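Understanding the architecture of this molecule
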Amino acid sequence: MSSGWFNKLRATENRFRGRHWLFWSLTIIFLAEVATAYGVYAKLTGNVRHIEVTREDLGNARPSKAPTAALNILVVGSDQRDGSAGGRTDTIMLVHLSAKPNDTAVISFPRDSLVQLPACRSQEGAPGQRRHRGMINASFSFGGIGCTWKTIETLTGIHIDHFVKVDFTGFTEMVDAIGGVDICIPEPIRDKYVQLDLPAGWQTLQGEEALGYVRARYSLGDGSDIGRIQRQQVFIAAMAKKAISAQTLSNPFRVFRFLDAATKSVTVDPA
């Protein structure tokens, strides 16, 4: 046999080995990425806390659910930190997710609204609530999220499908994770209650400052809860815009920090 035949055979063998090495290298990289993605998914889903709201909490005289795929979700912002018991609701919203894509409506309820509060059983370390007229945010203190759910259904006649509760710690960490949120402040804010001192103009609010801004009330405008609701809606919109911006999405570590903070702050029903 000629040496040329051996050289061709050796070259063919080297190419085979090269392709074999490339195949296994790509396979290992793929499996590593799958394992990492699964680990991240498990980490984030494991962060979320769950509370079951039962028929005993909501009663039998609930509003009927409309025959549609739309969902109504109760969203509350609580001054609880790190999932501790007790607390109050600074923010109460009802979110309607239409069956149509990209069609959402949000109603905010002023926390000091005087309404007819229903009777609620005690749970989550709360004493329970007797039927009486009182401030709408009292239902969370007396009967937990189940009582707030029942109160909003009783008040609106709207069937609620799920709830999401976000605590203060998670809110501040979400803001910090995306590098702060840019807000234009029309006039200086000096509020001792929420420990906020900000000049007028464009500001990049970090976690605790952002929390003070969305909680501030007496030092701004007419001091009403309506003004605070408007500021909260503007801030949440700016925060959402920052979270889905190229500045955030191009940085995997920043995305993970944001999602990690968000899921750690959230309590939902099991469904």
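As a starting point, this report considers the structure included with it. Residue numbers run consecutively from 1 along every chain, following the written order of its sequence. Thresholds applied to this predicted model are a pLDDT of at least 70 for local features of residues and 80 or more for the giving and counting of side-chain atom pairs; totals over whole chains, interfaces and linings are not thresholded and use all residues. To get the side-chain values, all heavy atoms of the structure are used, and hydrogens and water are removed first.

**Thoughts on the sheet that holds strand S4 (residues 104-108)**
Put simply, the rule reads: Strand pairing requires that DSSP identify at least two bridges connecting the strands. We count a stretch as a helix when DSSP gives it H or I for four or more residues in a row; a strand needs E for two or more, and each element gets its number in order from the N terminus. For this analysis, residues touch if any pair of their heavy atoms sits within 4.5 Å. Angles here are taken between N-to-C directions and fall from 0 to 180 degrees, while the axes themselves are lines fitted to C-alpha atoms, restricted in helices to the stretch in contact.
Read from one edge of the open sheet, six strands run S1-S12-S7-S2-S3-S4, paired in mixed fashion. At either end of the open sheet lies a strand with only one pairing partner, and these are strand S1 (49-50) and S4. Note that strand S2 (residues 71-78) and strand S3 (residues 89-97) share eight bridges and pair antiparallel. Counterpart to Val-75 in the pairing with S3 is Met-93. Along the sheet face, helix H6 (residues 225-243) touches S3 and S4 and points at about 60° away from the line of S3.

**A look at the state of the cysteines**
In protein chemistry, a disulfide is the covalent bond that joins the sulfur atoms of two cysteines. We apply this condition: Pairs of cysteine sulfur atoms within 2.5 Å are identified as disulfides in what follows. When a residue's accessible area, from a 1.4 Å probe over protein chains only, is under 20% of the maximum for its type it is buried; when over 50% it is exposed; and in between it is partly exposed.
Under the criterion given, the structure shown has one disulfide. Between the sulfur atoms of Cys-120 and its disulfide partner Cys-147 the distance amounts to 2.2 Å. Judged by the sign of its S-S torsion, about 80°, the cystine formed by Cys-120 and Cys-147 is right-handed. Here Cys-120 is found in the loop between strand S5 (114-117) and strand S6 (132-135), whereas its partner Cys-147 is found in helix H3 (residues 138-156), with 27 residues between them in sequence. Exposure remark for Cys-147: the relative accessible area of 1% places this residue in the buried category.

**Let's talk about the packing of helix H4 (residues 168-177) against helix H5 (residues 207-215)**
Note the cut-off: When describing relative orientation, an angle under 35 degrees is termed roughly parallel and one over 145 degrees roughly antiparallel, while 65 to 115 degrees is termed roughly perpendicular and anything else oblique. A crossing counts as left-handed when the near helix is turned anticlockwise from the far one by less than a right angle, and as right-handed when that turn is clockwise. Residues were grouped as follows: Ala, Val, Leu, Ile, Met, Phe, Trp, Tyr, Cys and Pro as nonpolar; Asp, Glu, Lys and Arg as charged; and all remaining residues, including Gly, as polar.
One way to put it is that H4 packs onto H5 with a least axis distance of 8 Å and a crossing angle of 120°. Looking at the two axes, H4 sits oblique to H5. Here H4 and H5 pass one another in a crossing that is right-handed. For the pair H4 and H5, the contacting residues are Phe-168, Phe-171, Thr-172, Val-175 and Asp-176 in the first and Gly-207, Glu-208, Ala-210, Leu-211, Val-214 and Arg-215 in the second. A per-class count over the contact of H4 with H5 returns six nonpolar, two polar and three charged.

**Side note on the environment of Lys-65**
Put simply, the rule reads: For the purposes of these results, a polar contact is taken to be a pair of N or O atoms within 3.5 Å, where, inside protein, one atom must be able to donate a hydrogen and its partner to accept one; residues adjacent in sequence count only when each atom of the pair is a side-chain atom.
For Lys-65, the location among the structural elements is in the loop between helix H2 (55-58) and S2. Here Lys-65 falls in the partly exposed class, since its relative accessible area comes to 40%. Separated by 94 residues in the primary sequence, Lys-65 and His-159 have C-alpha atoms spaced 5.4 Å apart. Aside from chain neighbours lying at most four places away, what touches Lys-65 is Ala-70, Leu-71, His-159 and Asp-161. Separated by 3.4 Å, the side chain of Lys-65 and the backbone oxygen of Ala-70 make a polar contact. Within the local environment of Lys-65, its side chain forms a polar contact with the side chain of Asp-161, the two groups lying 2.8 Å apart.

**A few points about H5**
Burial within H5 is extensive, with seven of its nine residues counted as buried. The complete set of buried residues in H5 reads Gly-207, Ala-210, Leu-211, Gly-212, Tyr-213, Val-214 and Arg-215.

**Examining the side chain of Asp-167**
Summarising the element assignment, Asp-167 is placed in strand S7 (residues 162-167). Engagement of the side chain of Asp-167 in a polar contact is seen with the side chain of Arg-49, the distance being 3.1 Å.

**A look at H6**
The condition is simple: An expected span of 1.5 Å times one less than the residue number is assigned to each helix.
Its 19 residues give H6 an end-to-end C-alpha distance of 26 Å, which sits within 8% of 27 Å, the value for a rise of 1.5 Å per residue. For H6, the full list of buried residues reads Asp-225, Gly-227, Arg-228, Ile-229, Arg-231, Gln-232, Phe-235, Met-239, Lys-242 and Ala-243.

**Here's the deal with the packing of H4 against helix H8 (residues 252-264)**
It is the contact of H4 with H8, at a shortest axis distance of 8 Å, that shows an interaxial angle of 175°. In terms of orientation, H4 lies roughly antiparallel with respect to H8. Of the residues in H8, those in contact with Gly-170, Glu-173, Met-174, Asp-176 and Ala-177 of H4 are Arg-254, Arg-257, Phe-258, Ala-261 and Ala-262. Residues belonging to the contact of H4 with H8 are distributed by class as follows: five nonpolar, one polar and four charged.

**Digging into the pattern of salt bridges**
Here is the rule: Note on definitions: salt bridges are taken to be side-chain nitrogens of Lys or Arg within 4 Å of carboxyl oxygens of Asp or Glu.
Applying the stated criterion to the full structure yields nine salt bridges. Of the charged contacts, one joins Asp-167 and Arg-49 as a salt bridge, the two residues approaching to 3.1 Å between their closest N and O atoms. Here the residue Asp-167 occupies a position in strand S7, and Arg-49 occupies one in strand S1, the gap between them amounting to 118 residues. The class of Arg-49 is partly exposed, set by a relative accessible area of 27%. Put simply, Lys-65 and Asp-161 hold a salt bridge, and the shortest N to O gap is 2.8 Å. Placement of the pair is Lys-65 in the loop between H2 and S2 and Asp-161 in the loop between H3 and S7, with a sequence separation of 96 residues.

Scope: geometric values only; no functional claims are made or implied.
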